[in-house]
Each structure stands twice: as C-alpha cells, then as structure tokens.
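Observations on the model geometry
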Amino acid sequence: MLEAPGRPLVCREVDVPAVSSGQVRVKVKACAVCRTDLHVVDGELPHPKLPLVPGHEIVGIVESCGPGVGSLTPGQRVGIPWLGWTCGACEYCRSGRENLCDAAKFTGYTLDGGYAEYVVADARYCFPLPGDGDDAAMAPLLCAGLIGYRSLRKAGDARRLGLYGFGAAAHIVIQVARHQGREVYAFTRRGDAAAQAFARRLGAVWAGSSEESPPEGLDAAIIFAPVGALVPAALRAVRKGGVVVCGGIHMSDIPSFPYADLWQERSICSVANLTREDGTEFLSLAPRVPVRTETQVFPLDAANEALARLREGSLSGAAVLVPGG
Ligand SMILES: [Zn+2]
Ligand SMILES: [Zn+2]
C-alpha cells in the first residue's frame, strides 16, 4: 500500500474489499510490475488515490460477483488491466476512444490495484482468460502486452521497426512484430550487452545502443524507455514519412531539436491507456503468435525490491508479484 508518494510501499493486511453492484471480487494469483507503478510510487503522476494499492497487470480468479454481473462467474480466470472504468457518455467514449475518456479511472492509480491478495474490479473491464496456462506468465500481457500492442498498431505497416528500451513491453512486442513479418531493431542503454543479446535471441536483426544509428533507415520506432532525449534520436533513425511512437505514460522532457529532423513528414505521437477492444484483440492474438513472456517472480512482500530492480534496470523481462509466492 502506498501511503504517500516517494515512500516505499507499506506491507500490511488490507481488508478484503466488499463487492457492490456490477463488480467482481478477484483472488489475485499474479500481478506484474510496470514502469508506471514506479512513476506512481515516485510521485511523478499527479493525484493518485491515497492510500493506494498499486498494480494493474493482474491475473486472478473471480471469487464472487455483485448484483448485475452477467458476464463472469465465480471460478473464472480473468485479467484486470490499467483501464478500470470509463463514463460511457463523453465524446471520447461515444466515438470508440474510451482510452481518452474525460473521467476514466485507472487500476493501481485512481482505483486500488493488484499488489494485494484480493482486488475488486468493475466486471465490464475484466478480460476473461483461458483456464489453463501460467498465471505469472500471463500477467505481463495485461499492460506491457496491451500497451505494447496499441503502440505497434500506431506504427502502422512499418516493415523496419525500432524498439527503444528493451524491457517488459519490447520483449512482447518483438514477438508480435516478428509474427507479422517485420524486421526489428533493438536499442538499449549503452553497454547493456545482456539486453542486446536478449533482443537478438528474440529475433532482432540488429541490437545496439540508443546513441547508435541503425544499419538501415527505420519505417517506425516505438520508445518504451521514459527518456525524452530518445525522441530526437529516434526521429533521426526513421526515414522520410516515418513515425516515432511514445509508448510510455511518463517521459522526461524532450530536448529541442532541429526542424530538419522532423521535416519530410516524420511524425511523433503518444499512446495513452488502452481500449477494451485493444485488449480483446491482443489477448486473442497472443496465443496464436504464441507470445512467451520472460518473468522474474517475487513474493508479494518483496514489491519494493521488485520496483528497485526495475528502477536500476537489472531485470530481464518482467517482474511479477505472486501472493504467497
Ligand atoms: Zn503498465
Ligand atoms: Zn468517457
């Protein structure tokens, strides 16, 4: 539980929350650790619910359903993502862009999340998952996978694709991109030989440091690292008409750069949140790829350690918290 931004999480018993109309109570089996959790815990995102249980990549089993829940039943395995509630009435909701809803609520930010043994969620925003498979392996699909997939769609039909920051999201996106027949170029921190080898193992045709130029001009680049200086770097790596997609919810300031780097119809866009349609589409595609996630499992009590490892960049793949693990 986060009592105040900038402080470590406090491990204490939280009452099993009551379930009301339209909600389900879910026993958490696994919750992956996302970079956004770090930004929330560090106070870099404004106005979190406080005190707060972070975590928005949840895999669990429905334990009970409130009145009016028709879509899920007890015993069903579900995934709970970042998008936790939307108003359904604003201009964005009505035009198929619920990810931009004016009043949206987010799991592990403005709603309590999955660094817990139980979570209560609005049933309409839970994704039914197959009954078999490994909980911890599926958890990173719920954000790294989903946001990564939305970012990939923003890259259009780019054949040569750059990925800046090769962590949880990139290691999933590369598998989907390869499945789609794209060439992937992986950019990591300078000297991060382990991440570069990891990228090559997953099929990157080239892996190097983010200061390097790729051997070929790219059609698109996706930036997952929260580093604004990568935006001009990626712009210089893409060809005419190329797009640079910023896949993170928070990024340091973007330094100024010459207009020539943007000229020739290069563009920059960001990716905000997800829609339920993204989730349904990605979760049905993932087993066909098939996406395999690389995880490091931590017991729930070690949440601070998992966050620290993510901060220092010493994870390969995704950290996953497992209650009682
Ligand atoms: Zn996330
Ligand atoms: Zn709305």
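Residues numbered from 1 in each chain as written. Chains lettered and ligands numbered in written order. Predicted model: local features only at pLDDT ≥ 70, side-chain atom pairs only at ≥ 80, totals over all residues. Heavy atoms only, no water.

**A closer look at the pattern of salt bridges**
Summed over all chains, the structure comprises 15 salt bridges. Arg159 is the salt-bridge partner of Glu183, the closest N and O atoms lying 3.4 Å from each other. Linking Glu183 in strand 9 (residues 183–188) with Arg159 in the loop between helix 4 (144–154) and strand 8 (160–164), this pair joins segments that are 24 residues apart in sequence. Using a relative accessible area of 22% as the deciding quantity, one classes Glu183 as partly exposed. Under the relative-accessibility criterion, Arg159 is labelled partly exposed at 42%. Among the salt bridges present, the one from Arg239 reaches Asp219, with a minimum N-O distance of 2.8 Å. On the criterion of sequence distance, the pair formed by Arg239 in strand 12 (residues 238–246) and Asp219 in strand 11 (residues 218–223) is long-range, its members being 20 residues apart. Taking relative accessible area as the criterion, Arg239 reaches 42% and is therefore assigned partly exposed. (Salt bridge = Lys/Arg side-chain N within 4 Å of Asp/Glu carboxyl O. Helix = DSSP H or I, 4+ residues; strand = E, 2+ residues; numbered from the N terminus. Buried < 20%, exposed > 50% of the residue type's maximum accessible area, 1.4 Å probe, protein only.)

**Examining the side chain of His56**
Looking at where His56 falls in the secondary structure, it is placed in the loop between helix 1 (35–41) and strand 2 (58–65). In this structure the side chain of His56 is engaged in a polar contact, spanning 3.2 Å, whose partner is the side chain of Asp37. Those residues in contact with His56 that sit more than four places away from it in its chain are Cys31, Cys34, Thr36, Asp37, Ile80, Pro81, Trp82, Thr107, Leu142 and Cys143. (Polar contact = N/O pair within 3.5 Å; in protein donor to acceptor, adjacent residues only side chain to side chain. Contact = heavy atoms within 4.5 Å.)

**Focus: the coordination of the zinc ion (ligand 1)**
Here the zinc ion (ligand 1) is held by Cys34 (SG), His56 (NE2) and Cys143 (SG), and the distances to it run 2.0 to 2.2 Å. Read N to C, the donor residues that coordinate the zinc ion (ligand 1) are spaced as C-x21-H-x86-C. With Cys34 in the loop between strand 1 (23–32) and helix 1 and Cys143 in the loop between helix 3 (135–138) and helix 4, this pair connects stretches of sequence that are 109 residues apart. Grouping residues by exposure puts Cys34 and Cys143 together as buried. (Donors = N, O, S within 2.8 Å, 3.2 Å for Na, K, Ca; no water.)

Scope: geometric values only; no functional claims are made or implied.
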